[in-house]
Amino acid sequence: MRFQDKIVWITGASSGIGEALAYRFASEGAKLIISSRREQELQRVKEKISGECLIICLDLTDSNSVDNAVNTAIEHYGKVDILVNNAGISQRAFAIDTQEIVDRKIMEVNYFGTINLTKKLLPYMINNGGGQIAVITSLVGKFGFPLRSAYAASKHALHGFFETLQLELKPHHIYTTIICPGRIKTNVSLHALNGDGSVYGKMDAGQEKGMKVEDCAQKIVNAIYQKHREIYIGKADTLMIYLKRYLPSLFHFIASRIKPL
Ligand SMILES: NC(=O)c1ccc[n+]([C@@H]2O[C@H](COP(=O)([O-])OP(=O)(O)OC[C@H]3O[C@@H](n4cnc5c(N)ncnc54)[C@H](OP(=O)(O)O)[C@@H]3O)[C@@H](O)[C@H]2O)c1
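Residues numbered from 1 in each chain as written. Predicted model: local features only at pLDDT ≥ 70, side-chain atom pairs only at ≥ 80, totals over all residues. Heavy atoms only, no water.

Describing the overall build of the protein
Going by this rule: The secondary structure listing takes helices from DSSP runs of H or I that are at least 4 residues long and strands from runs of E that are at least 2 residues long, numbered from the N terminus. Here the globule rule reads 2.2 Å times residues to the power 0.38, and the radius of gyration is calculated from C-alpha atoms. The classification of residues rests on relative accessible area computed with a 1.4 Å probe and restricted to protein chains. Under 20% of the type maximum is buried, over 50% is exposed, and intermediate values are partly exposed. Note on contacts: a residue pair qualifies if any of its non-hydrogen atoms lie within 4.5 Å across the two residues. To measure how exposed things are, a 1.4 Å probe is used in the Shrake-Rupley method; for residues, cover is taken only from the protein chains shown. Only four residue types enter the charge count, namely Lys and Arg as positive and Asp and Glu as negative; His and the chain termini do not. Where a charge lies is defined by one atom per residue type, namely NZ (Lys), CZ (Arg), CG (Asp) and CD (Glu).
Of the regular secondary structure elements, the protein holds 10 helices and 7 strands. A globule of 261 residues ought to have a C-alpha radius of gyration of about 18 Å, and the protein, at 18 Å, matches this closely. Dimensions along the principal axes, computed over C-alpha positions, put the protein at roughly 50 × 35 × 30 Å. Counting only residues that meet the buried cut, the protein has 50% of its 261 residues in that class. The long-range share in the protein, meaning contacts at least 24 apart out of those at least 6 apart in sequence, stands at 68%. Just so you have it, the protein exposes about 12300 Å², and 52% of that area is on carbon and sulfur atoms. Of the charged side chains in the protein, 32 are positive and 25 negative; the average position of the first set lies 7 Å away from that of the second.

Here it is as structure tokens:
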């Protein structure tokens, strides 16, 4: 019971990694806030949780919705100990085929929505004497990858923002964990956007072979507990981080040959 009575707010909790995180944190004694756009799916998740769990519907692209969500969370629990910024959308289109509106939509959800929620909650965490913030970026927050230009850009941007927070918030006792998963078996590719903004709607073969979502959630919860600054989660795909860092030419050779779907 490492998170007994801690207030943990998880975005994107209606499916995939966020849903698995909700079950994991609940099993460790946390009191939850679960958020996303689809109330019915959040209700389905809540029904599987025996402890306290508050649903707050939230669209990260709508600033009023974010304001209301923060107010509701604080009115209900008085504080948030841990914010897990998990919600996000992916992309399945070449950069040249991706319309500007799609580039902007992916940045709105993954980057601007995430930093907006974080910044609105931060004053409450500081007043409360501290807290923790986790953000789920991606291995492609560390390197580019075909069919993911806007997605990789949005995740790289999160690294710039949250690495800065790590430095700025130390005096306020706020710890930030940046989590970079590789391929995890969720519906992320089903929800990804094509270049024209339509939904891709397919389970990619690469996704299908990804790490089990429950194993990923366990590693994330451990990293948050241990207050790690940055972790990489996945199978052999995590090696790409080290190839890029130490053998960039080999990285480039391999990355341009890996199947992106
Ligand atoms: N699966 C992977 O291989 C993988 C790898 C690296 C990183 N990630 C990252 O992990 C996070 C979770 O992804 P997942 O794999 O669990 O995918 P997922 O099953 O598609 O979950 C995405 C979640 O984000 C929520 N969401 C999307 N747009 C939103 C918006 N405008 N406002 C609020 N919530 C929104 C969705 O809920 P609603 O539709 O109900 O709003 C859903 O709960 C994402 O940030 C993703 O980029 C995933």
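What to know about the nonpolar core
Quick note on the threshold: Here the nonpolar core consists of buried residues drawn from Ala, Val, Leu, Ile, Met, Phe, Trp, Tyr and Cys, with membership extended through side-chain atoms lying within 4.5 Å.
Counting 43 residues, the largest nonpolar core has Trp-9, Ile-33, Leu-117, Leu-121, Ile-133, Phe-143 and Phe-162 as its most contacted members. Look past the residues within four positions of Ile-33 in its chain and what remains in contact with it is Ile-7, Val-8, Trp-9, Ile-10, Leu-54, Ile-56, Ala-73, Tyr-77 and Val-80. Within the second largest apolar cluster, 33 residues are counted, among which are Ala-13, Leu-42, Val-45 and Cys-216.

So, helix H3 (residues 63–77)
Here is the rule: Any helix carries an expected span of 1.5 Å times its number of residues minus one. As used in this structure description, the phrase polar contact means that two N or O atoms lie within 3.5 Å; if the pair is within protein, one of them must be able to donate a hydrogen and the other to accept it, and residues adjacent in sequence are counted only when both atoms belong to side chains.
Taking 1.5 Å of rise per residue, 15 residues should cover 21 Å, and H3 covers 21 Å from first to last C-alpha, within 8% of that figure. The inward-facing, buried residues of H3 contact strand S1 (7–11), strand S2 (31–36), strand S3 (53–57) and helix H4 (100–127). One side-chain oxygen of the residue at the start of H3 lies 3.0 Å from the amide nitrogen of Asn-64, identifying that residue as Asp-62.

A look at the site of the ligand
As a reminder of what qualifies: Think of it this way: one heavy atom of a residue within 4 Å of a molecule or strand is enough to make that residue near it. Amino acids are sorted into nonpolar (Ala, Val, Leu, Ile, Met, Phe, Trp, Tyr, Cys and Pro), charged (Asp, Glu, Lys and Arg) and polar (every other residue, Gly among them).
Near the ligand there are 30 residues, and of these Ser-15, Tyr-151, Thr-186, His-191 and Gln-207 occur at the shortest range. One of the backbone nitrogen or oxygen atoms of Gly-88 is found 3.3 Å away from an oxygen atom of the ligand. When the ligand sits alone it has 880 Å² of accessible area, and the protein chains cover 97% of it. Here the shell around the ligand is composed, by residue class, of 12 nonpolar, 13 polar and 5 charged.

As for the pattern of salt bridges
To be explicit about the condition: Between Lys or Arg on one side and Asp or Glu on the other, a salt bridge is scored when a side-chain nitrogen of the former is within 4 Å of a carboxyl oxygen of the latter.
Within this structure, the stated rule accounts for 11 salt bridges. Measuring nitrogen to oxygen at the nearest pair gives 2.7 Å for the salt bridge that ties Arg-2 to Glu-28. Remark: Glu-28 occurs in the loop between helix H1 (16–27) and S2 and Arg-2 occurs in the segment before S1; sequence separation between them is 26 residues. By relative accessible area, Arg-2 is classed as partly exposed at 27%. A salt bridge links Lys-120 to Asp-67, with the nearest nitrogen and oxygen atoms 2.8 Å apart. Pair noted here: Lys-120 is in helix H4 and Asp-67 is in helix H3, with a separation of 53 residues, a long-range link. You can call Lys-120 partly exposed: its relative accessible area is 25%. Residue classification places Asp-67 among the partly exposed residues on the basis of a relative accessible area of 28%. Through salt bridges with shared partners, a single ionic network connects Glu-19, Glu-41, Arg-44 and Lys-48.

Some thoughts on the side chain of Thr-176
Here Thr-176 is to be found in strand S6 (residues 174–181). With sequence-adjacent residues up to four places away left out, Thr-176 is seen in contact with Ile-133, Phe-162, Leu-165, Gln-166, His-228 and Arg-229.

A closer look at the packing of aromatic side chains
Spelled out, the test is: Pairing of aromatic side chains requires ring centres within 6.5 Å, counting the rings of Phe and Tyr and the six-membered ring of Trp. Pairs whose planes differ by under 30 degrees are stacked, by over 60 edge-to-face, and all others tilted. By the criterion adopted, a ring carries a charge over it if an Arg CZ or a Lys NZ lies within 6 Å of its centre and within 35 degrees of its normal.
Tallied over the full model, the rule gives 7 aromatic pairs. Pairing Tyr-111 with Phe-112 gives two aromatic rings, centres 5.0 Å apart and planes at 75°, and the pair type is edge-to-face. The exposure class of Tyr-111 is buried, given its relative accessible area of 15%. On the basis of relative accessible area, Phe-112 is assigned to the partly exposed category, the value being 41%. Ring pairs connect the aromatic residues Tyr-111, Phe-112, Phe-161 and Phe-162, which therefore count as one cluster. Between the NZ or CZ atom of Arg-2 and the centre of the ring of Tyr-225, over which it lies, the distance is 5.0 Å. The residue whose ring lies beneath Arg-257 is Phe-253, and the NZ or CZ to ring-centre distance is 3.8 Å.

Topic: unusual backbone geometry
Positive phi values are uncommon outside glycine, yet His-173 reaches one of about 60°. On the secondary structure map, His-173 appears in the loop between helix H5 (149–168) and S6. Phi is positive for Lys-227, which is not a glycine, with a value near 55°. In this fold, Lys-227 is placed in the loop between helix H8 (213–225) and strand S7 (230–233).

Examining the environment of Glu-214
Tracing the backbone shows Glu-214 in helix H8. Through-space distance from the C-alpha of Glu-214 to that of Ala-134 is 17 Å; in sequence the pair is 80 residues apart.

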